[in-house]
Amino acid sequence: MTYLFNLYKSCVILRKNWKILIPALYSLFITILLSLAFLYINGLLDLLIRYPTDLFVTGGISVLTKKISSVILSQSQLIKISLTFIGFFIVNFLTGSSLLAMKFCMIDDSLKNERVSLRKGFREGVTFYGKIVELRILVFLLMILFSFIIGIPLFILSKYTGSTSFWIVSGVIIVLLITKLMLIFRMPILIRKKVKPLEALNKSLNIFKLKTKEVTLIFAISLLIIISATTFFEYFRLIISDYMYNYSGLYVILIGFYVVKEIFMIIFNSIADIFIFLSYSKLEVQENLQHI
């Protein structure tokens, strides 16, 4: 019941401090702009405009991918696309890190019952920017390490079963889940404890070792929030696609739907982030009481 109360409290905190959503909305806006710029620079925007519904109907993305592949091969754009993708990825990563720092500082302020503002969040976020960039790089490197550790046995297993693609997807999911589970408190520790990124990872791992059951339950609840929201919107998308496939303005409706979906997913992700911060603060209080 304690965790359900924390989940309810997370919703209340977000409702009272709705400005926490703004950094994530900025991030979404930047991602959309970068994506459109990437498509325009590589001459793929016109293809998307001509076949917009391929993004939204079942199996459509694979069809659109084939069309894009034919354009890439015919125009020999592989190097150009690779370079622009890397460039836009780095820009998005760096700007995203600054907005993450801002968001998490605002969440921390809300839990300390301090005034939540964009100006204060930005000012505090600047001090954590370098640490969050370093932390995200360390997590990425850990995921590569886990990929080797988990991927090699799965690769050997795929040789006997023949289901290579299934085991690749399974391996990616396992790596993501393990990383998220063991390092679930990395951001709260980094912000609240004001420690170095590597120390934040070590502390998160130690909490997982000492309180495996509690951490797993917290992770499961936060994951359930995202999965439930994603499943609901995907089901709703299929209904729209099936019933309005022949409607000429389908792509306009679905693009609007996807924008609304992303905004709502920002809300659900923010609730999950607040829940993780709040759960960590409760565990932190329990730990401090045990040392008294």
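Above this text you will find the structure in question.
Here the structure is a predicted model, which means the values were calculated and not measured. (Residues numbered from 1 in each chain as written. Predicted model: local features only at pLDDT ≥ 70, side-chain atom pairs only at ≥ 80, totals over all residues. Heavy atoms only, no water.)

J.: I tried to follow the overall build of the chain on my own but got confused; where do I start?
T.: Check the secondary structure of the chain and you find 11 helices and zero strands. Reading the secondary structure of the chain in the N-to-C direction produces α-α-α-α-α-α-α-α-α-α-α. Within the chain, contacts between residues at least 6 apart in sequence are counted, and of these 73% link residues at least 24 apart. In the form shown here, the chain has an accessible surface area of approximately 17,400 Å², with 71% of it arising from carbon and sulfur atoms. (Helix = DSSP H or I, 4+ residues; strand = E, 2+ residues; numbered from the N terminus. Contact = heavy atoms within 4.5 Å. Areas by Shrake-Rupley, 256 points an atom, 1.4 Å probe, with all protein chains shown as cover.)

J.: Explanation requested: the nonpolar core in the structure shown.
T.: Inside soluble globular proteins, nonpolar side chains tend to come together where they are buried. Counting residues in hydrophobic clusters, the biggest one holds 53 residues, and the most contacted among them are Ile20, Ile184, Phe185, Ile189, Ile207, Val215 and Phe277. Apart from residues lying up to four places away in sequence, Ile184 is in contact with Ser204, Val215, Ile218, Phe219, Ser222 and Ile276. Of all hydrophobic cores here, the second largest spans five residues; its members include Leu34, Phe38, Ile81 and Phe88. (Core = buried A, V, L, I, M, F, W, Y, C linked by side-chain atoms within 4.5 Å. Buried < 20%, exposed > 50% of the residue type's maximum accessible area, 1.4 Å probe, protein only.)

J.: What should I look at first to understand a positive patch on the surface in this one?
T.: A surface patch of positive charge is lined by Lys19, Arg115, Arg119 and Arg123. As for its position among the elements, Arg119 is in helix 6 (residues 118–161). Residue Arg119 is classed as exposed on the basis of its relative accessible area of 70%. (Patch = residues over 30% accessible without salt bridge, like charges linked within 9 Å, V, L, I, M, F, W, Y side chains within 5 Å. Salt bridge = Lys/Arg side-chain N within 4 Å of Asp/Glu carboxyl O. Lys, Arg positive; Asp, Glu negative; His and termini not counted. Charge placed at Lys NZ, Arg CZ, Asp CG, Glu CD.)

J.: Which parts of the structure should I look at to understand the packing of aromatic side chains?
T.: Centre-to-centre distance and the angle between the planes together describe a pair of aromatic rings. Scanning all chains against the criterion turns up five aromatic pairs. On the basis of an interplanar angle of 15° and a centroid distance of 5.6 Å, the ring pair of Phe104 and Phe277 is categorised as stacked. A residue pair is termed long-range when its members are at least 10 positions apart, and Phe104 in helix 5 (residues 78–111) and Phe277 in helix 11 (residues 250–290) qualify at 173 residues. Both residues of the pair, Phe104 and Phe277, belong to the buried class. Between Phe232 and Phe233 the ring centres are 5.3 Å apart and the planes differ by 70°, which places this aromatic pair in the edge-to-face class. Through pairs of rings, three or more aromatic residues link up here, namely Phe232, Phe233 and Phe264. (Phe/Tyr/Trp six-rings, centres within 6.5 Å; stacked < 30°, edge-to-face > 60°.)

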